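Each chain, letter by letter, is given below.
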Amino acid sequence: MSSCCCGSPSLPASASSRRLRRAPAVKFRPAAVRCSLSDPFVLEIAEKLEDSLSVAPRAAPAPPSLQRLRDASSQSLLSRSWPSLKDEPFRFTDTSFLRQSRILPASGPSIDLPPFAAGSASPHLLAVVDGLVVPSLSRFSSLPQGVCVGGVSDAPSGPVSERVLEVLALGDAFQGRDLFWDINGAGAPDLAVVYVPSGVRMVEEPLVVRFVSLESADAGSNSLFVSNPRMVVVVEKGAEVAIVEEHLGAEGSDGKCYWANSVMEIVVGEGAKVFHSYVQQQSSNAAHIKWTFTRQESSSTYELIEISTGARLSRHNLHIQQMGPDTTTELSSFHISQTNQTHDLHSKLVLDHPRGYSRQLHKCIVTHSSGHSVFDGNIKVNRYAQQTDAGQLTRSLLLAPRATVNVKPNLQIIADDVKCSHGAAISDLEEDQLFYFRARGIDSETARDALIFSFGAEVLARLPFEPIRKKVASHIRDLLAAKKP
Amino acid sequence: MAMAVRAPLVRTFLLSPTSSSPSPSRPLGAPATCSVVRTRRGISSSRRLPLRANCRPLPTRAAVAVDSPGTGSREAESDSPNVLLEVTDLTAVVAESKQEVLRGINLTIREGEVHAIMGKNGSGKSTFSKVLVGHPDYEVTGGSVIFKGENLLDMDPEERSHAGLFMSFQSPVEIPGVSNIDFLQMAFNSRRKKQGLPELSPIEFFGFLDPKLSAVNMDPKFLNRNVNEGFSGGEKKRNEILQLAVLEADLAILDEIDSGLDVDALQDVAKAVNGLLTPKNSVLMITHYRRLLDYIKPTFIHIMDYGSIIKTGDISLAEQLEKQGYRAISAA
Ligand SMILES: Nc1ncnc2c1ncn2[C@@H]1O[C@H](COP(=O)(O)OP(=O)(O)OP(=O)(O)O)[C@@H](O)[C@H]1O
Ligand SMILES: [Mg+2]
């Protein structure tokens, strides 16, 4: 039950791979040509976003970098259309309920915010509410010297602001971006910035970035508030940072409808290390669409651990671009799809330089017949990426009749001196393992629970911070216990 | 290439209820009833001694395979130790293929006895032990199994464990994501719960576990590793014995506990097993080698062939086996 396309030294996809590297300054998107007619639904969203930003409570003139982002994104939106199941990237992921909703831009948090951001496992906390950085809910007091965290309007001019501009320009030139990326840019009320200067270490106590969706509607009301959190992370040469990205609804909002549409851009400088944990626990009726776009300079390390359990529709678009040789990239993700939930990871790792090392592990559990998990993981080993060592593994656990997964692990290898492996497995619980428990006196229900939990434990164990690991583990135990058929 | 997969309907495995139908026909050459040796009265007095004692009265050859089951004479021997396990005409098939593997097994184990089963590869030794603990791969098609006076075949695998039956697997499975100590504690507390006793907290449990660890000479670092994951063959076996020590079973079935063990490990494991033996509990071990029998002295040795026990005797049977191989046995 596995699908494979690895090991062959050359694939015809090589020609198109070039385009990724040096994008022309003028935007050229083949996809856009095909559907250059504007999509009225998309235009309507664009207009609403523009209107809301001009009347927002903090409508002080946006800093030039943010304004430029909004303008470029609005421009780009003109030629975008809403994806359908006919479009390859959304072949298995149905976004039609968004399209059928009345989409309303979240208006941004008011002054008297509930203290939901209290209690964090780390002294470094950046709170972003409906896309706006909220300093009063954040804690920056013990950041290491030189580290900048906050909204772009508070970023010091000079190298920090310049780097942010650079990163945004690179994102603008990124050919892989889609409608949701552009909606984010057009509607971003703020720009959260994390800047770690060269040589600085911030690993033992991570920076927790808490994205909260506050404005929401009742299920069934057909209104859907959208927020567009945007974040730029720059980690300079030799620096090391641990970031824990959390996505939550406001307290007591479970079952509420909203749409969080976020984009995070990360630059990992030469020899730098980024340990990125991403925990998605949105309300069970929310839509969560997120981009992570990471560029890795030579000899850098990027580790991403994703645990997604929330939202009705959760889509993670992950793009990692290798900018120099000797990079290390480790990606682990774990999804639990329960009643009416779809979890989708679309990842792409592009290796253009020698001696890259990468590992990807994707695991998902679908517990209900209406649950659905999608994985499309592409690893591209281009011509100059000799001596690359790339591995990819996906495992799915289907616990109900008619539970569905669509997995498409794929390696495209153009270089000829590489070590690559991948595999996919889909299963029910192992009978032999279940029996082992029972033979030791543990009843089958307890055994099943333990085995289901243990399936995800492999990814969970990689979360680098114990308090967060414990919190996430107990959340997962509760979820699995609550939704027993 | 994409793949879309839907889950199959969740499978459930059920053991068929004990059937009272007569056992199917036996292969030519096998005794009509292969029942176990009746112990002699004289044995019972020495049984209070440690089982490792060298000079234990042994059943005579003449006593082998003479009784048919159901003669009713057993209960009459009131001063012999209680029967722990009584297997009568047990037949079983592979659940999926219905291929017959056990073809009429008869075996009686009393408290304090050590039994060994030897036999060619594929003769059904592991299947027999797995059927006893209720493995869903097999379906019992005939015969009965009484354990401590109760019908074992009516019980779920976990109930069999709670009743005091333990089997160490020939090839224990790996359970990634579940730590050894969590597993042990789960198993231990399940039994406590069943007995109506309060569960032990992790700290109390560790206190209970510590001496057991030393008994099997196991490094505590194995507690934090996932169950059997990446364990060497010998480490897995040692881990099975640790589980046995924690669960304090009345009847321990040890399926090739000696395979893959180095000399030191074999001694450790044998010492641990001997340490667990009391006049009240028993061991059924499956082995290919006499070496283990030098460490854990058996009261009886059974030879299994083609799904049934074809011969029962004392340690001399193992000696004969070592010299002449199975051909001599089946020819006898
Ligand atoms: N689950 C199963 N599916 C198919 N065949 C089986 C299954 N279990 C046992 N068998 C078959 O039944 C026979 C007995 O197997 P078993 O494992 O009991 O032998 P054994 O005596 O323990 O051998 P060994 O000494 O090699 O461990 C073999 O022919 C085996 O292939
Ligand atoms: Mg065997």
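Residue positions are counted from 1 within each chain, in the order its sequence is given. Labels are handed out in written order, letters beginning with A for the chains and numbers beginning with 1 for the ligands. At least 70 in pLDDT is required for a residue's local features to be given in this predicted model, at least 80 for side-chain atom pairs to be given and counted, and no such filter applies to totals for whole chains, interfaces and linings, which use all residues. No hydrogens and no water enter the side-chain calculation; it runs on all heavy atoms of the structure.

1. With respect to the side chain of Asn 184 of chain A
Defined as follows: Helix numbers and strand numbers start at the N terminus; a helix is a DSSP run of H or I with at least 4 residues, a strand a run of E with at least 2. N or O atoms within 3.5 Å of each other form a polar contact, as long as, within protein, one can give a hydrogen and the other can take it, and as long as residues adjacent in sequence are counted only when both atoms are side-chain atoms.
Its location among the elements puts Asn 184 of chain A in helix α7 (residues 179-187). At 2.8 Å, the side chain of Asn 184 of chain A and the backbone oxygen of Pro 229 of chain A are in polar contact.

2. Here's the deal with helix α9 (residues 444-460) of chain A
Residue and element names in this part refer to chain A. So the rule is basically this: For a helix, the expected span equals 1.5 Å multiplied by the residue count minus one. Only protein chains enter the area calculation, which uses a 1.4 Å probe; residues under 20% of their type maximum are buried, those over 50% are exposed, and those in between are partly exposed.
Taking 1.5 Å of rise per residue, the 17 residues of α9 would be expected to cover 24 Å, and the 23 Å separating its terminal C-alpha atoms lies within 8% of that figure. Those residues of α9 that sit buried are Ala 447, Ala 450, Leu 451, Ile 452, Phe 453, Ser 454, Phe 455, Gly 456, Ala 457, Val 459 and Leu 460. The N-capping residue of α9, defined by a side-chain oxygen 3.1 Å from the backbone nitrogen of Glu 445, is Asp 443.

3. A word on the domain arrangement of chain A
All names here are of chain A. Here is the rule we go by: Each domain's extent is set by a domain assignment, obtained either automatically or from a database. Only heavy atoms enter the contact rule, under which two residues are in contact if any of them lie within 4.5 Å. Two parts lose some accessible area (1.4 Å probe) when they are put together, and adding that loss for both gives the buried area. By salt bridge we mean one thing: a side-chain nitrogen of Lys or Arg within 4 Å of a carboxyl oxygen of Asp or Glu.
The domain boundaries assigned to chain A delineate domain 1 (13-323) and domain 2 (433-485). Residue-level contacts link 16 residues of domain 1 with 13 residues of domain 2. Taken together, the two surfaces of domain 1 and domain 2 that pack against each other cover about 1,100 Å², and 77% of this comes from carbon and sulfur. The tally of links between domain 1 and domain 2 comes to one salt bridge.

4. Overview of the sheet that holds strand β6 (residues 150-151) of chain B
Residue and element names in this part refer to chain B. This is how the line gets drawn: Strands are treated as partners if at least two bridges between them are detected by DSSP.
With antiparallel pairing, four strands are arranged side by side in an open sheet as β3-β2-β5-β6. Strand pairing shows two members of the sheet lacking a second neighbour, β3 (100-110) and β6, which therefore form its edges. The pairing of strand β2 (residues 83-94) with β3 spans eight bridges and is classified as antiparallel. Residue pairing for β3: Leu 85 is matched across the bridge by Ile 109.

5. A look at the side chain of Lys 236 of chain B
Residue and element names in this part refer to chain B. Locating Lys 236 in the fold gives a position in helix α6 (residues 233-247). Residue Lys 236 is classed as buried on the basis of its relative accessible area, which comes to 16%. Side-chain polar atoms of Lys 236 contact the side chain of Glu 174, separated by 3.5 Å. Apart from the residues within four sequence positions on either side, Lys 236 is in contact with Pro 172, Glu 174, Asn 228 and Phe 231.

6. Here we look at the coordination of the magnesium ion (ligand 2)
Residue and element names in this part refer to chain B. Under the convention used in this document: Distances up to 2.8 Å from the metal define which N, O and S atoms are donors, and 3.2 Å serves for Na, K and Ca; water is absent from the atom set, so sites may look incomplete.
Surrounding the magnesium ion (ligand 2) are the protein donor atoms Ser 126 (OG) and Gln 170 (OE1), which sit 1.9 to 2.1 Å from the metal. With Ser 126 in helix α2 (residues 125-132) and Gln 170 in the loop between β7 (165-168) and β8 (175-179), the pair connects residues that are 44 residues apart, well separated along the chain. Overall, the relative accessible area of 19% leaves Ser 126 in the buried class.

7. Some words on α7 of chain A
Residues and elements named next belong to chain A. Most of α7 sits inside the fold, with nine of its nine residues counted as buried. Those residues of α7 that sit buried are Leu 179, Phe 180, Trp 181, Asp 182, Ile 183, Asn 184, Gly 185, Ala 186 and Gly 187. Packing partners of the buried residues in α7 comprise α3 (40-55), α4 (64-77), α6 (159-172), β8 (230-235), β10 (259-268) and β12 (287-296). Two or three places before Phe 180, at the start of α7, stands the capping residue Asp 178, its side-chain oxygen 3.1 Å from that residue's backbone nitrogen.

8. A look at the sheet that holds strand β17 (residues 357-366) of chain A
The strands that make up a sheet pair up through hydrogen bonds in the backbone, lying either parallel or antiparallel. All names here are of chain A. Quick note on the threshold: For helices, the axis comes from a line fit to the C-alpha atoms of the stretch in contact; other axes are also lines fit to C-alpha atoms, and the angle between any two N-to-C directions lies between 0 and 180 degrees.
The strand order β3-β2-β6-β9-β11-β13-β15-β17-β19-β21 describes an open sheet built from ten strands, whose pairing is mixed. Of all the strands in the sheet, just β3 (132-133) and β21 (419-427) have a single pairing partner and so form its edges. Inspection of the sheet shows strand β2 (residues 124-129) paired to strand β6 (residues 201-213) by six bridges, in the parallel sense. From the neighbouring strand, Leu 125 faces β6, where its bridge partner is Val 208. Here α9 sits on the sheet in contact with β13 (301-308), β15 (328-337), β17 and β19 (389-398), set at roughly 155° to β17.

9. Concerning the packing of aromatic side chains
Residues and elements named next belong to chain A. Note the following rule: What counts as a ring pair is set by centres within 6.5 Å for rings of Phe, Tyr and Trp (its six-membered ring), and what kind of pair is set by the plane angle: stacked under 30 degrees, edge-to-face over 60, tilted for all other angles. We count a charge as sitting over a ring when the NZ of a lysine or the CZ of an arginine lies within 6 Å of the ring centre and within 35 degrees of the ring normal.
Counted under the stated rule, the structure contains 18 aromatic pairs over all chains. Both rings, one in Phe 174 and one in Phe 293, keep their centres 4.1 Å apart while their planes meet at 15°; by these two values the pair is stacked. Of this pair, Phe 174 sits in the loop between α6 and α7 while Phe 293 is found in strand β12, placing the two residues 119 residues apart along the sequence. Members of the aromatic cluster, each reached through a chain of ring pairs, are Phe 41, Trp 82, Phe 90, Phe 180 and Trp 259. Over the ring of Phe 90 we find Arg 315; its NZ or CZ atom is 4.0 Å from the centre of that ring. Above the face of the Phe 455 ring, Lys 363 is positioned so that its terminal group lies 4.4 Å from the ring centre.

10. Description of the nonpolar core
The following threshold applies: Among buried residues, those of type Ala, Val, Leu, Ile, Met, Phe, Trp, Tyr and Cys that are joined through side-chain atoms within 4.5 Å constitute a nonpolar core.
Counting 120 residues, the largest nonpolar core has Leu 90 and Phe 128 of chain B as its most contacted members. Broken down by element, this core gets its largest block of residues, nine residues, from α9 of chain A. Residues from two domains meet in this core; each of domain 1 (13-323) and domain 2 (433-485) of chain A gives at least three. Contacts of Phe 128 of chain B, omitting those with residues within four sequence positions, involve Val 87, Leu 90, Leu 102, Ile 105, Leu 107, Ile 117, Leu 284 and Met 304 of chain B. Residues Val 233, Leu 345, Leu 349 and Leu 398 of chain A belong to the second largest nonpolar core, which totals 51 residues.

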